[in-house]
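Coordinates in review
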Amino acid sequence: MKRVSLVFTLALAAAFSAEAATAQTLKTIKDRGLLSCGVSQGLPGFSSPDDKGNWTGLDVDICRAISAAVFNDPTKIKFVPLSAKDRFTALQSGEIDVLSRNTTWTLSRDTSLGASSTGVTYYDGQGFMVKKSLKVNSALELNSASVCVQTGTTTEQNLADYFKGNNMKYEVIAFGTNDEAIKAYESGRCDVFTTDVSGLYADRLKLANAADHVVLPEVISKEPLGPMVRHGDDQWFDIVKWTLFAMITAEELGITQKNVDEMAKSTKPEMKRVFGVDGNLGEQLGLTKDWVTRIVKAVGNYGESFDRNVGAGSRLGIARGINALWNKGGIQYAPPIR
Ligand SMILES: N[C@@H](CCC(=O)N[C@@H](CS)C(=O)NCC(=O)O)C(=O)O
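For every chain, the first residue of its written sequence is number 1, and the numbers climb from 1 along that sequence. Given that this is a predicted model, residues contribute local features only at a pLDDT of at least 70 and side-chain atom pairs are listed and counted only at 80 or more, while totals for whole chains, interfaces and linings are drawn from all residues.

**Details of helix α8 (residues 197-204)**
For clarity, the threshold we go by: In this scheme the burial state of a residue depends on its C-beta neighbours within 10 Å: 20 or more other such atoms mean buried, 12 or fewer mean exposed, and anything in between means partly exposed; the C-beta positions come from the backbone. To qualify as a helix, a DSSP run of H or I must reach at least 4 residues; to qualify as a strand, a run of E must reach at least 2; elements of each kind are numbered from the N terminus. C-beta atoms are placed from the backbone for every residue, and two residues are taken to be in contact when these atoms lie within 7 Å.
For α8, the tally of buried residues reaches seven of eight residues, placing the bulk of the element in the interior. Those residues of α8 lying buried are Val-197, Ser-198, Gly-199, Leu-200, Tyr-201, Ala-202 and Asp-203. Buried positions along α8 lie against β7 (122-124), β8 (126-131), α7 (178-186), β11 (192-196) and β12 (213-215).

Shown next, in the form of structure tokens:
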């Protein structure tokens, strides 16, 4: 009996210390008073700073939503601009708490790079852009082309797969930053620029004469983009994951930045749970009961953020397409808040 209870006590102690060891990120962020958010070095619509250093974008909104959920303030953030190559080291080393940088969820990133993908903010795929003067209508006509690409990306890998798979030759010219790659393409050092299709829309805005360039019809890969956290802290993983799910759920329930206070008075059981009137779901995450209200007040629901940053209300003007909600013809879907 004594032995059993000793074993039990030891097991319990181990369980608690494991919890204490892993649930550090939220505490670290609160002690620091800032969320450290890894973003791009400037990709309009996703994460880019204005002249005053004020960051906006779909990826930025995720960090603003997390900051709102934790601090009831969407501005308690240190934005860390990262190249594609440096982003995972920054996450592993603890320099950033979350990587929200048009980053594709893949198996090797979830395993050997020690990241945990928390969900998908934008379902994307890789495409090609060429100068109209090249008179090319399909990527299959690109045999022997030179291609500008950013190093440390899935883009590089897909490019190799696509050309090899179609028995085509190509010359890759890789750059450390996106601006270098796009400038090289524009100046004629390569025939083709390739990246995620959303990136092509964003990068086209940087070109002197956008109308001189065309995006080819082929989409050669799946690029589910979303926020990532470090392995090893389940509580933090849950917070980031459910922040995104809260934004998607808010869209589904018709909760907007404008009507959130009104909607919070709803007597419907699902609404009462979401708004923390019934139960303590927010507290189970380590947040507060009004976590969803905080998030939606700060950034709006997923659809509002999409429209404002990359969609119809933005310079990019991207259609919702497969990023529409699952019940509106798309595949955006959040598990139940219950
Ligand atoms: N989604 C791909 C590509 C991501 C990527 O880094 N794309 C480039 C080209 S659009 C980019 O975002 N550059 C912006 C920057 O370097 O700041 C990945 O995760 O590897």
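**Points about the site of the ligand**
What counts is decided by this rule: What makes a residue near a molecule or strand is its C-beta atom, placed from the backbone, lying within 6 Å of it. Only Asp, Glu, Lys and Arg are considered charged in this grouping, and only Ala, Val, Leu, Ile, Met, Phe, Trp, Tyr, Cys and Pro are considered nonpolar; every other residue, Gly among them, is considered polar. Where a domain begins and ends is set by an automatic assignment or by a domain database.
Around the ligand sit 20 residues, and of these Ser-40, Gln-41, Thr-153, Asn-178 and Gly-199 come closest. Among the elements of the structure, α6 (154-165), β11 and β13 (223-225) are those that each provide at least two residues to the shell around the ligand. Broken down by class, the residue content of the shell around the ligand amounts to three nonpolar, 15 polar and two charged. Summarising the domain contributions, the shell around the ligand has at least three residues from each of domain 1 (9-123 + 225-328) and domain 2 (126-221).

**Notes on the sheet that holds β11**
Inclusion rule: A pair of strands is labelled paired if DSSP reports no fewer than 2 bridges between them. The axes used here are C-alpha line fits, helices contributing only the stretch in contact, and every angle between their N-to-C directions lies in the interval 0 to 180 degrees.
Across the sheet, five strands lie side by side as β10-β9-β11-β8-β12; this open sheet has mixed pairing. Of all strands in the sheet, those with a lone pairing partner are β10 (170-175) and β12, marking the two edges. Across the sheet, the mean angle from the axis of one strand to that of its neighbour is 30°, orientation sign disregarded. Each of β9 (145-150), β10 and β11 is contacted by α7, which is oriented at about 160° to β9, the strand it contacts most. α8 contacts β8, β11 and β12 of the sheet and is inclined by roughly 120° relative to β11.

**Things to note about the domain arrangement of the protein**
As assigned here, the protein comprises domain 1 (9-123 + 225-328) and domain 2 (126-221). Look at where the C-alpha atoms of domain 1 and domain 2 centre, and you get two points 30 Å apart. If you look at the interface, domain 1 gives 16 residues, while domain 2 gives 14 residues.

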